[in-house]
Amino acid sequence: MLPDDALMKTNQIIQGDALQELQKLPDSVAQAIIADPPYFNVLEDEAWDTQWKTAEDYLTWCDGWVVQSMRVLRDDGLAFIFGQLGKREHTFLHLMSRLTQQHQFHDLIIWDRAVGYDERRDSFTPQYEMVLVIRKGERVKFNKDAVRVPYDAKTIETYLKDKRYKDMDARRAHLEAGKFATNILRVPSLKGLSKEKCGHPSQKPIALIEKLIACATDTDDLVIDPFLGSGTTAAAAQRRGRQWIGIEKDPTYVQIAQNRLQESLL
Ligand SMILES: C[S@@+](CC[C@H](N)C(=O)[O-])C[C@H]1O[C@@H](n2cnc3c(N)ncnc32)[C@H](O)[C@@H]1O
């Protein structure tokens, strides 16, 4: 049960600073944190990504909002923290090292963007981003069935020819349920002309965020996103029947997210 008080209205975008706004929320209310923070000097034209003088300043800032995120997280909850190395920036490696010393490591998800980006001449073309997953307690809520990957009909028919199985109905039902997703999540990144695009330079695909929410939460659980951007987490939570709170500093993005949710441009 979520606390029913004025301290915490759910399904709302709070315009403000992540650290300050997280500090106002009660302890242990969120089942999942989805945090896609500024990367630090990757999007060089965006003031929100270049607001720290040094990587150490950025990492110290991250320490603060991560501690607050873990405070508002339930004991069986998970915090998903996005980062990338595409332009050979490596601050995220330091962030992962730091956070896994301060908190409990749970997983490192690879978001396979399906196509490469920011072509490099002297190495393989980067195609993935990462999602560090940390947890608060020993036991977490996680529903592996929520994101099974279907087998195609031909594969099912091939597997059904395997005579080692006695109960073929049970075998068919098992195959038709699909296989468990791996921690490499292949979801195409949004192209310029994508209908989903709504004017944010690092908008994540809703299908990706939906997978995280589907596994880590149940209906009506609360998801908090401290860096809501264009509102992807809110849209995904809404689609999945979860409660949500999003924090975003930039009023232009708050407006974009509000329009997106109102117009059901999910
Ligand atoms: C990587 S983007 C998030 C994109 C989002 N996941 C989406 O799909 O649209 C990071 C966001 O953090 C916001 N931001 C930067 N500093 C912030 C702060 N101190 N508090 C809250 N939001 C902040 C930026 O304005 C930006 O929209």
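Keep in mind it's a predicted model, so treat the numbers as computed, not measured. (Residues numbered from 1 in each chain as written. Predicted model: local features only at pLDDT ≥ 70, side-chain atom pairs only at ≥ 80, totals over all residues.)

Undergrad: Whenever I open this one, the packing of helix 4 (residues 153–160) against helix 5 (residues 168–176) confuses me. Can you help?
TA: Relative orientation and spacing of two packed helices are given, respectively, by the angle between their axes and the distance between those axes. It is the contact of helix 4 with helix 5, at a shortest axis distance of 10 Å, that shows an interaxial angle of 150°. In this view, helix 4 runs roughly antiparallel relative to helix 5, as classed from their interaxial angle. Of the two elements, helix 4 crosses helix 5, and the hand of that crossing is right-handed. Taken together, the residues of helix 5 that come into contact with helix 4 (itself represented by Ile156, Tyr159 and Leu160) are Met168, Arg171, Arg172, Leu175 and Glu176. Split by residue class, the contact of helix 4 with helix 5 holds five nonpolar, no polar and three charged. (Axes fitted to C-alpha atoms, helices over the stretch in contact; angles between N-to-C directions. Helix = DSSP H or I, 4+ residues; strand = E, 2+ residues; numbered from the N terminus. Parallel < 35°, antiparallel > 145°, perpendicular 65-115°, else oblique. Left-handed = near helix turned anticlockwise from the far one by under 90°. Contact = placed C-beta atoms within 7 Å. Nonpolar A, V, L, I, M, F, W, Y, C, P; charged D, E, K, R; others polar.)

Undergrad: Can you walk me through the pairing of strand 8 (residues 243–248) in this structure?
TA: Two faces, one strand: in a regular strand the side chains alternate between the faces of the sheet. In terms of burial, strand 8 is largely enclosed, as six of its six residues are buried. Neither face of strand 8 is open: one carries Gln243, Ile245 and Ile247, the other Trp244, Gly246 and Glu248, and all of them are buried. Two strands pair when backbone bridges link them, and strand 7 (residues 222–225) and strand 8 are joined in this way by four bridges, in the parallel orientation. Looking at the pairing, Ile224 lines up with Ile245 of strand 8. Taken together, strand 7, helix 7 (residues 232–239) and strand 8 constitute a β-α-β crossover, and its handedness is right-handed. (Buried ≥ 20, exposed ≤ 12 C-beta atoms within 10 Å, placed from the backbone. Pairing = 2+ DSSP bridges. Right-handed = clockwise from strand over helix to strand, strands pointing away.)

Undergrad: Sorry if this is basic, but what is going on with the site of the ligand here?
TA: For the ligand, the set of nearby residues contains 19 residues, the closest of which are Ala18, Phe227, Gly229, Ser230 and Thr232. When the residues that make up the shell around the ligand are grouped by side-chain class, the tally is seven nonpolar, six polar and six charged. (Near = placed C-beta within 6 Å.)

Undergrad: What's the story with unusual backbone geometry in this structure? I'm lost.
TA: With the exception of glycine, the majority of residues adopt a negative phi angle, and the majority of peptide bonds are in the trans configuration. Look at Ser28: it is not a glycine, yet its phi comes out positive at around 50°. With respect to the secondary-structure elements, Ser28 resides in the loop between helix 1 (18–23) and strand 2 (30–35). The partly exposed category is assigned to Ser28, around which 15 C-beta atoms lie within 10 Å. Of note, the phi angle at Asp220 is positive, near 75°, even though the residue is not glycine. Examined against the element boundaries, Asp220 turns out to sit in the loop between helix 6 (206–216) and strand 7.

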